[in-house]
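# Coordinate inspection notes
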Number of protein chains: 2
Amino acid sequence: MAARSGRRPGDSGTRDAIRAAAIEQFSERGYDRPSMRSIAQQAGVDPALVKHYFGSKHALFVDVVELPFDPALVIPALFGGGGRDQIGARLASFLVSVLEQPPGRQRIIGLVRAAASEPEAARMVRELLTREIFARVVEELRVDDAALRANLVASQVVGLVMARYVVGLEPLASMPAEDIAAAVAPNLQHYLTGPLGAGTDT
Amino acid sequence: MAARSGRRPGDSGTRDAIRAAAIEQFSERGYDRPSMRSIAQQAGVDPALVKHYFGSKHALFVDVVELPFDPALVIPALFGGGGRDQIGARLASFLVSVLEQPPGRQRIIGLVRAAASEPEAARMVRELLTREIFARVVEELRVDDAALRANLVASQVVGLVMARYVVGLEPLASMPAEDIAAAVAPNLQHYLTGPLGAGTDT
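Residues numbered from 1 in each chain as written. Chains lettered and ligands numbered in written order. Predicted model: local features only at pLDDT ≥ 70, side-chain atom pairs only at ≥ 80, totals over all residues. Heavy atoms only, no water.

The name given to chain A in an unreviewed UniProt entry is Transcriptional regulator, AcrR family, and the organism recorded there is uncultured Solirubrobacteraceae bacterium.

As structure tokens, then:
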């Protein structure tokens, strides 16, 4: 989303321009189709500079794979402390606030599409989620099956991103974001604190 | 999943072999990477035959994009008639029965990955779901916001496919299928018959 042309090839400016172009292309075209050349072109730099700074498309992807928020701050605020019966509502509101802003949406869509496109990208996304999100949720929720609960929440979030932003199912795609938050919140709450049925620890 | 080699190039046998190879490749490698050549190779036929029978990769994709069950039979059985408070449980059991069989799982994963990979495939998947599933759910559920409810259910199903089969989040990916059905059923039920919050028709 950063500026795409007329860039001066200063060192950090160039890296940032390449990163911004990579995020945009991975988000809009998946992991497979963007090339180091197409990313360089969009960033307005020579393809050799992409190779110089990042080495490979894979390494560039690893570099830009990150969440559009700081989980070390966000997860304790959402999942820790009191008001456990409101976690679903808090989480739904937070997700909407991230997804309804173009930069956050673009990053999340890029992660989802990359995860769907090939096993290596899926592995990186899985490791990112496990390390940055699930581990922290487990720590904050303090219940035995917290990792499974976090997985289930992730399944709903990924599915919502696919249905609303990637596939564009109607009427979901055109609904006001706050209505979606209201519809989804009780289900997130159920996954996080409700009974999960036979075979689980609760 | 059908036999992959040693095939005799009879007319319908050849078409079926090409279709089976296409389903497998679209499922495993997404929409972008399989080529008419790679599909022909897997089917054990000359690439010219793929072009002869299907015209283009796009047309071949359209030909094999279908659901692994007959929605005209399944949707009325799941959503129509009595026992509305058990729709979530019925639907969850049905989904598990489809997804835990390799052919059904392969088709659904193929749809999800194709939808994530590029806008044209996403449009086809959207049209397939709208025509074959959502329209029928709306007819059976007979509530004003049934289309939105069907979208929300689809978001959870797509997300589950992504989380369990494509990204392989743990422990979700290793859980017994019936435990997942039990965890997901109440959420499907909420989407189908529960209050969706402000801004909806219920």
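## So, the interface of chain B and chain A
Operational definition: Here a residue-residue contact requires only that any non-hydrogen atoms of the pair lie within 4.5 Å. The term buried area denotes the loss of accessible surface (1.4 Å probe radius) that occurs when two parts are joined, taken as the sum for both partners. Any Lys or Arg side-chain nitrogen found within 4 Å of a carboxyl oxygen on Asp or Glu counts as a salt bridge. Polar contacts, as used here, are pairs of N or O atoms within 3.5 Å; protein pairs need one atom able to donate a hydrogen and one able to accept it. Residues neighboring in sequence count only if both atoms are side-chain atoms. Only DSSP runs of H or I reaching four residues or more are called helices, and only runs of E reaching two or more are called strands; each is numbered from the N terminus.
Contacts between the two partners involve 45 residues from chain B and, on the opposite side, 46 residues from chain A. The contact between chain B and chain A buries some 3,700 Å² in all, and 60% of this surface belongs to carbon and sulfur atoms. Put simply, chain B and chain A have 0 salt bridges between them. At the junction of chain B with chain A, the criterion picks out 19 residue pairs in polar contact (both at pLDDT 80 or more). Secondary structure elements with two or more residues in the side of chain B that touches chain A: helix H7 (102–117), helix H8 (119–141), helix H9 (146–166) and helix H10 (177–193) of chain B.

## Let's talk about the UniProt feature "DNA-binding region" (unreviewed entry) in chain A
The line we're drawing: UniProt positions are given in the numbering used here, feature names are shortened, and annotations may be inferred rather than shown by experiment.
Mapped onto this numbering, the UniProt entry annotates "DNA-binding region" (unreviewed entry) at residues 35–54 of chain A. The span residues 35–54 of chain A is 80% helix and 0% strand, and its two end C-alpha atoms sit 13 Å from each other.

## Overview of the packing of helix H6 (residues 87–99) of chain B against H10(B)
All names here are of chain B. So the rule is basically this: Orientation is described by lines fitted to C-alpha atoms, with helices fitted over the stretch in contact, and by angles between N-to-C directions that extend from 0 to 180 degrees. The labels follow the angle: roughly parallel below 35 degrees, roughly antiparallel above 145, roughly perpendicular from 65 to 115, and oblique for the rest. Here is the rule for handedness: rotate from the far helix to the near one, and if that takes an anticlockwise turn smaller than a right angle the crossing is left-handed, while a clockwise turn gives right-handed. Asp, Glu, Lys and Arg are counted as charged, while Ala, Val, Leu, Ile, Met, Phe, Trp, Tyr, Cys and Pro are counted as nonpolar; the rest, among them Gly, fall into the polar class.
Two elements in contact, H6 and H10, have axes separated by 7 Å at closest approach and are oriented at 135°. For the element pair H6 / H10, the angle class is oblique. Handedness of the H6/H10 crossing: right-handed. Along the contact surface, H6 presents Ile87, Gly88, Ala89, Leu91, Ala92, Ser93, Leu95 and Val96, while H10 presents Ala177, Ala181, Ala185, Leu188, Gln189 and Leu192. When grouped by side-chain class, the residues that make up the contact of H6 with H10 number 11 nonpolar, 3 polar and no charged.

## A closer look at the pattern of salt bridges
We count it as follows: Residue burial is assigned from relative accessible area. The probe radius is 1.4 Å, only protein chains are included, and a residue is buried under 20% of its type maximum, exposed over 50%, and partly exposed in between.
The final tally for this structure, using the stated rule, is 18 salt bridges over all chains. A salt bridge links A:Asp145 to A:Arg149; the nearest nitrogen and oxygen atoms lie 2.9 Å apart. Per residue, the accessibility class of A:Asp145 equals that of A:Arg149, and both read buried. Note that B:Arg131 is salt-bridged to B:Glu132, the shortest N-O span being 3.2 Å. Here the residues in one salt-bridge network are A:Asp16, A:Arg19 and A:Asp63, joined through shared partners.

## Points about the packing of aromatic side chains
Residue and element names in this part refer to chain B. Put simply, the rule is: Note on ring pairs: Phe, Tyr and Trp rings are taken, using the six-membered ring of Trp, and paired if centres are within 6.5 Å. Classes follow the plane angle, with under 30 degrees stacked, over 60 edge-to-face and the rest tilted.
This model, assessed by the stated rule, comprises 6 aromatic pairs over all chains. Relative to Phe61, the ring of Phe26 lies with its centre 5.1 Å away and its plane at 85°, an arrangement referred to as edge-to-face. Of the two residues, Phe26 is situated in helix H1 (residues 11–29) and Phe61 in helix H4 (residues 57–64); the sequence distance between them amounts to 35 residues. Residues Tyr31 and Phe61 carry aromatic rings whose centres are separated by 4.9 Å and whose planes lie at 75° to one another, so their mutual orientation is edge-to-face.

## A word on the relation of the copies chain B and chain A
Stated formally: Our superposition of the copies is a least-squares fit, built on the C-alpha atoms of residues whose pLDDT is at least 70 in both.
Superposing chain B onto chain A takes a rotation of 180° combined with a translation of 0.0 Å along the rotation axis, leaving an RMSD of 0.0 Å. The operation mapping one copy onto its partner corresponds to a two-fold rotation axis. Nearest to the rotation axis, the C-alpha of B:Gly159 is located 1.8 Å from it, this being the minimum over chain B. Taken as a fraction of all interface residues of chain B, those also at the interface in chain A reach 100%, which identifies the copy contact as same-surface.

## A few points about the side chain of B:Ser38
Residue and element names in this part refer to chain B. Here Ser38 lies in helix H2 (residues 36–43). A polar contact of 2.7 Å, which involves the side chain of Ser38, links it to the side chain of Gln25. Those residues in contact with Ser38 that sit more than four places away from it in its chain are Gln25 and Arg29.

## Description of the UniProt feature "domain: HTH tetR-type" (unreviewed entry) in chain A
Feature annotation in UniProt assigns "domain: HTH tetR-type" (unreviewed entry) to the following positions: residues 12–72 of chain A. Taken end to end, residues 12–72 of chain A is 72% helix and 0% strand, and its two terminal C-alpha atoms sit 26 Å from one another.

## Some thoughts on the domain arrangement of chain A
Residues and elements named next belong to chain A. Where we set the bar: Bear in mind that the domain bounds are from an automatic or database domain assignment.
Assigned domains of chain A: these are domain 1 (11–64) and domain 2 (71–193). Contact residues are listed per partner, giving 14 residues for domain 1 and 11 residues for domain 2. Summed over both partners, the interface of domain 1 with domain 2 buries about 1,000 Å², with 58% contributed by carbon and sulfur atoms. Taken together, domain 1 and domain 2 are joined by 0 salt bridges. Joining domain 1 to domain 2, the criterion identifies 4 residue pairs in polar contact (both at pLDDT 80 or more). When residues of the side of domain 1 that touches domain 2 are traced back to their parent elements, those giving at least two are helix H1 (11–29) and helix H4 (57–64). Element by element, the count of residues in the side of domain 1 that touches domain 2 is highest for H1, at 6 residues.

## Examining unusual backbone geometry
All names here are of chain A. Along the chain, Glu170 connects to Pro171 via a cis peptide bond; the corresponding omega equals 15°. Structurally, the position occupied by Pro171 is in the loop between helix H9 (146–166) and helix H10 (177–193). One non-glycine residue, Arg142, lies in positive phi territory at about 55°. By the element assignment, Arg142 lies in the loop between helix H8 (119–141) and H9.

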